[in-house]
Amino acid sequence: MKSETVPVPGADLYAEIRGDGPPLLLIPGGGGDAANFDDLAEGLAEHFTVIAYDVRGYSRSRLTSGHPEPQHVAVQADDAARIIETLCSEPAFVFGTSNGAITALDLLAHHPDRVRTVVAHEPPCFAVLPTAAAHHAWIEEVLDLFHTEGLAAAGAHFLAGIGPVMDPTPQPERMTPRQTETWARLAANGPIMMEYELREFTSYIPDFGALDGLTDRLVLAAGERTRGHLPYRPAATIALRLGLSVTEFPGAHNGSRAHATEFAERLTKIFTERT
C-alpha cells in the first residue's frame, strides 16, 4: 500500500492505493476513513488498482480552514471526481456505501466522464421514501438529542430507527494497532458527522433526470440481512424509479467490513463483467 495527498478546493485529501489493474474508487460512509476498507481493498487489489480515501474534514483529510465545516453532497462528489482525475489515467469503477453511496450517485449524475460503473450500497436517501416527513422528523430528534444529551444518546436513537442492521465492531483486545488507530479516528469523526453531515445527506434526492440516461452504469445494492429494514428501502425505491433491480450483497449495512471477503468477490464479479 502507498499513500497520496490530493489537493482539492478547501482541503487536502488523504488516499491509500493498493493493487494493479483498472482503477476502483472506494467511498466510505459518513465520518468515513480509508482504513474502513482495509480487508475489502486487500481482496479487490488482486484485480484492481484500489483507491480508498478519508472524506474531507475527517481523519487525515484536512480542511484548509482548520475547523469543521458543513458537508455537502455536491462538494464530496466533486472531491471524488478530482481524486479520479488526479490518481487515475482512465475513468474508475466506484463503490460507495451509506453516505458514500450518496456521493457515488451524485458523482455518476454530475461527473459521468470520470466513472465506468457505480455500485451504490444502501444510500440513506430517506427523502425519496413515501414516509420522508416522518424520517425527517426522526433525524431532527437525533440532532436534538446530540445537542442536549450528547453523541451516545443520539447514536442510540439513530440505531433504534434503522433497526438491527449493524454487525458488531471488533473487540478492543482483538484489534491490531492499525485497527486501534482507525477506531480512535472514527470516534473523533462521529460528532463532526452528526453536526455537519447527517441532515443534508439523509435529505438528498438523486438527480433522476441525469441518472435516467446512465442506468447501464449503475447498480443499486443492499445487504441480504438488511431486507425489511429502513436502510434497504431507499436503494429499492431509487432502483424502482430508474427501472432497475436491487443487487443484494453479503451481510447488512456494514457488510463491506464485516463480510469483506464475500463482498469483494461480489464486487469483482460485477465490475469484471463490465470491463
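Placed above this text is the structure.
Here's what I pulled together on the structure shown here. (Residues numbered from 1 in each chain as written. Predicted model: local features only at pLDDT ≥ 70, side-chain atom pairs only at ≥ 80, totals over all residues. Heavy atoms only, no water.)

### Some points on the pattern of salt bridges
Stage number 1. Inspection of the entire model under this criterion finds 19 salt bridges.
Stage number 2. A salt bridge links Asp33 to Arg185; its shortest N-O distance comes to 2.6 Å. Here Asp33, found in the loop between strand 3 (23-27) and helix 1 (38-44), pairs with Arg185, found in helix 6 (residues 177-196); they are 152 residues apart in sequence, far enough to count as distant. Grouping residues by exposure puts Asp33 and Arg185 together as buried. (Salt bridge = Lys/Arg side-chain N within 4 Å of Asp/Glu carboxyl O. Helix = DSSP H or I, 4+ residues; strand = E, 2+ residues; numbered from the N terminus. Buried < 20%, exposed > 50% of the residue type's maximum accessible area, 1.4 Å probe, protein only.)

### Some details on the packing of helix 2 (residues 73-87) against helix 3 (residues 99-110)
Stage number 1. Where helix 2 meets helix 3, the axes come as close as 8 Å, and the angle between the chain directions of the two elements is 70°. Judged by the angle between their axes, helix 2 and helix 3 are roughly perpendicular. For the pair formed by helix 2 and helix 3, the contact residues are Val73, Ala74, Gln76, Ala77, Ala80, Ala81 and Ile84 on the first element and Ile102, Thr103, Asp106 and Leu107 on the second.
Stage number 2. Of the residues assigned to the contact of helix 2 with helix 3, the class counts are 8 nonpolar, 2 polar and 1 charged. (Axes fitted to C-alpha atoms, helices over the stretch in contact; angles between N-to-C directions. Parallel < 35°, antiparallel > 145°, perpendicular 65-115°, else oblique. Contact = heavy atoms within 4.5 Å. Nonpolar A, V, L, I, M, F, W, Y, C, P; charged D, E, K, R; others polar.)

### Quick notes on the environment of Pro168
Stage number 1. Here Pro168 lies in the loop between helix 5 (151-162) and helix 6.
Stage number 2. It is 9.2 Å that separates the C-alpha atoms of Pro168 and Asn254, two residues lying 86 residues apart in sequence.

### Some words on the pairing of strand 3
Stage number 1. With 5 of 5 residues buried, strand 3 is to be regarded as a mostly interior element.
Stage number 2. Side chains of strand 3 alternate between two faces, with Pro23, Leu25 and Ile27 and Leu24 and Leu26 buried alike.
Stage number 3. Here 4 bridges tie strand 3 to strand 4 (residues 49-53), and the two strands are oriented parallel to one another. Of the residues in strand 4, the one forming a bridge with Pro23 is Thr49.
Stage number 4. The β-α-β motif built from strand 3, the intervening helix 1 and the parallel element strand 4 has right-handed crossover chirality.
Stage number 5. With 4 bridges joining them, strand 3 and strand 6 (residues 92-97) adopt parallel strand pairing. Each residue of the ladder has a partner; that of Leu24, found in strand 6, is Phe93. (Pairing = 2+ DSSP bridges. Right-handed = clockwise from strand over helix to strand, strands pointing away.)

### Remarks on the packing of helix 5 against helix 6
Stage number 1. The interhelical angle for the contact between helix 5 and helix 6, taken along N-to-C directions, is 65°, at an axis separation of 11 Å. Here helix 5 is positioned roughly perpendicular relative to helix 6, judged by the angle of their axes. The way helix 5 lies across helix 6 gives a crossing that is left-handed. Within the contact between the two elements, helix 5 uses Leu151, Ala154 and Gly155 and helix 6 uses Gly190, Pro191 and Met194.
Stage number 2. In the contact of helix 5 with helix 6, the residues fall into 4 nonpolar, 2 polar and no charged. (Left-handed = near helix turned anticlockwise from the far one by under 90°.)

### Re the pairing of strand 7 (residues 115-121)
Stage number 1. Summarising burial for strand 7: 6 of the 7 residues are buried, a large majority.
Stage number 2. As paired strands, strand 6 and strand 7 are joined by 5 bridges and run parallel to one another. Along strand 7, the bridge assignment pairs Thr97 with His121.
Stage number 3. For the segment spanning strand 6, helix 3 and strand 7, crossover handedness is right-handed.
Stage number 4. Note that strand 7 and strand 8 (residues 218-223) share 4 bridges and pair parallel.

### Quick notes on helix 2
Stage number 1. The first and last C-alpha atoms of helix 2 sit 21 Å apart over 15 residues, in line with the 21 Å expected at 1.5 Å per residue.
Stage number 2. Regarding helix 2, the residues found buried are Val73, Gln76, Ala77, Asp79, Ala80, Ala81, Ile83 and Ile84. (Expected span 1.5 Å × (residues − 1).)

### Quick word on the environment of Pro123
Stage number 1. Relative to the helices and strands, Pro123 resides in the loop between strand 7 and helix 4 (132-148).
Stage number 2. Here Pro123 falls in the buried class, since its relative accessible area comes to 0%.
Stage number 3. Separated by 125 residues in sequence, Pro123 and Glu248 have C-alpha atoms that sit 13 Å apart.
Stage number 4. Contact partners of Pro123, with chain neighbours within four places excluded, come to Ser98, Ala101, Ile102, Leu105, Pro234, Ala235 and Ile238.

### Thoughts on unusual backbone geometry
Phi is mostly negative for residues that are not glycine, and the peptide bonds are mostly trans.
Stage number 1. A positive phi angle is found at Ser98, which is not glycine, with a value near 55°.
Stage number 2. Its location among the elements puts Ser98 in the loop between strand 6 and helix 3.
Stage number 3. Here the phi dihedral of Glu122 falls at roughly 55°; this positive angle occurs in a residue that is not glycine.
Stage number 4. Looking at the secondary structure, you find Glu122 in the loop between strand 7 and helix 4.

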